[in-house]
Amino acid sequence: FDLAPHAMDAPLPLQQSPLFLAALDRIGAQATQHVLPGGTALVVTSDLFGVGKLALISRGPIRTDIASPLPMASLRGLRRALSARALVVNAETQADAAMLAQDGFVRLAPARQVAELSLAGGPENWLARMNGKWRNRLRHGLRQSLAVRRAGLSPDPQHWLFHKDRAQQAARGYRGLPPALITAMAVASPEAMHLFTVKHGPRTVAAMLFALHGCGATYLIGWSDAAGRAVSAHNLLLWHAMGDLRTLGVRQIDLGLCDDRQAPGLARFKRGSGAQVRALGGTWGESG
């Protein structure tokens, strides 16, 4: 199993991208990208006291040839090559899940859903794919006296956005990527990080942070205060992000998990933007 970059000219999950690999390396994680028969896998390993080495493939493995199925039996060989006691796979697709089940992997957790926002076409196409209420909120935001700005992300773990997001996570009961990993991405590839902010008068009332990786982008953090919500700042921010990221070659934005039970308001926002919701393959395990 040799190291190699990914060869597919298609949007990759952030967790299987060279950007993520570089960031993991910077924070000292044990991460490598491996070539499999018909695909690749970014694998993170860790040594658990009393258990042994655990290997994790998140949002993968990824096919290099879409027309050919990826032989999941090769993952057992990968586990042995890594001398791992167990392998955990967060499968990217339902088809991969079926093959893992067929090959004897045990389901550890059910599939979750992600929202994927296509940037195919242009603004007229994007508007047509939006929910009517979402489109009205966007028009509301466009009528406000709001200043939108795009900038890079300072690789500072104490960045103001991390403080805002930490408080938001505690209030809403969710977890995002740790600031150390996000700042590692900013150090590894400064041009990959794009922070969009909205000012209403002198105050910043909303922000969205994206990571670019190949022809895909991933939504990392979204924050808004009450004033920002009142002027539809997030709708306006995503609209500007769609246009700017498209000019940078992005074809699809991964808006992240879409969970109607845990975060119904956020799920409605993502769906309303025109994103398509897709089920991942669930979490599977194999040991030996």
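Scroll up a little and you will see the structure.
What you see is a predicted model, and the numbers here were worked out from it, not measured in a lab.

Counted under the stated rule, the structure contains 12 salt bridges. Residue R76 pairs with D103 through a salt bridge whose shortest N-O separation is 2.7 Å. On the criterion of sequence distance, the pair formed by R76 in helix α2 (residues 74–81) and D103 in the loop between α3 (94–102) and β6 (106–109) is long-range, its members being 27 residues apart.

Let us look at the pairing of strand β11 (residues 216–224). The buried count for β11 comes to 9 of 9 residues, which makes it a mostly enclosed element. Of the strand pairs in this sheet, strand β10 (residues 203–213) and β11 are connected by 8 bridges, and their pairing is antiparallel. What sits directly across from L209, in β11, is I221. Here β10 hands over to β11 after 2 residues, with G214 in that stretch at a positive phi of 65 degrees. With 3 bridges connecting them, β11 and strand β12 (residues 252–257) associate as parallel partners. The residue bridging G216 from the neighbouring strand is Q252, located in β12.

Turning next to unusual backbone geometry. Between G60 and the following residue, P61, the backbone shows a cis peptide bond with an omega angle of -5 degrees. With respect to the helices and strands, the residue P61 is situated in the loop between β3 (52–58) and β4 (62–63). One non-glycine residue, R59, adopts positive backbone phi at about 60 degrees. Note on placement: R59 falls in the loop between β3 and β4.

Quick notes on the rules
- Residues numbered from 1 in each chain as written.
- Predicted model: local features only at pLDDT ≥ 70, side-chain atom pairs only at ≥ 80, totals over all residues.
- Heavy atoms only, no water.
- Salt bridge = Lys/Arg side-chain N within 4 Å of Asp/Glu carboxyl O.
- Helix = DSSP H or I, 4+ residues; strand = E, 2+ residues; numbered from the N terminus.
- Buried < 20%, exposed > 50% of the residue type's maximum accessible area, 1.4 Å probe, protein only.
- Pairing = 2+ DSSP bridges.

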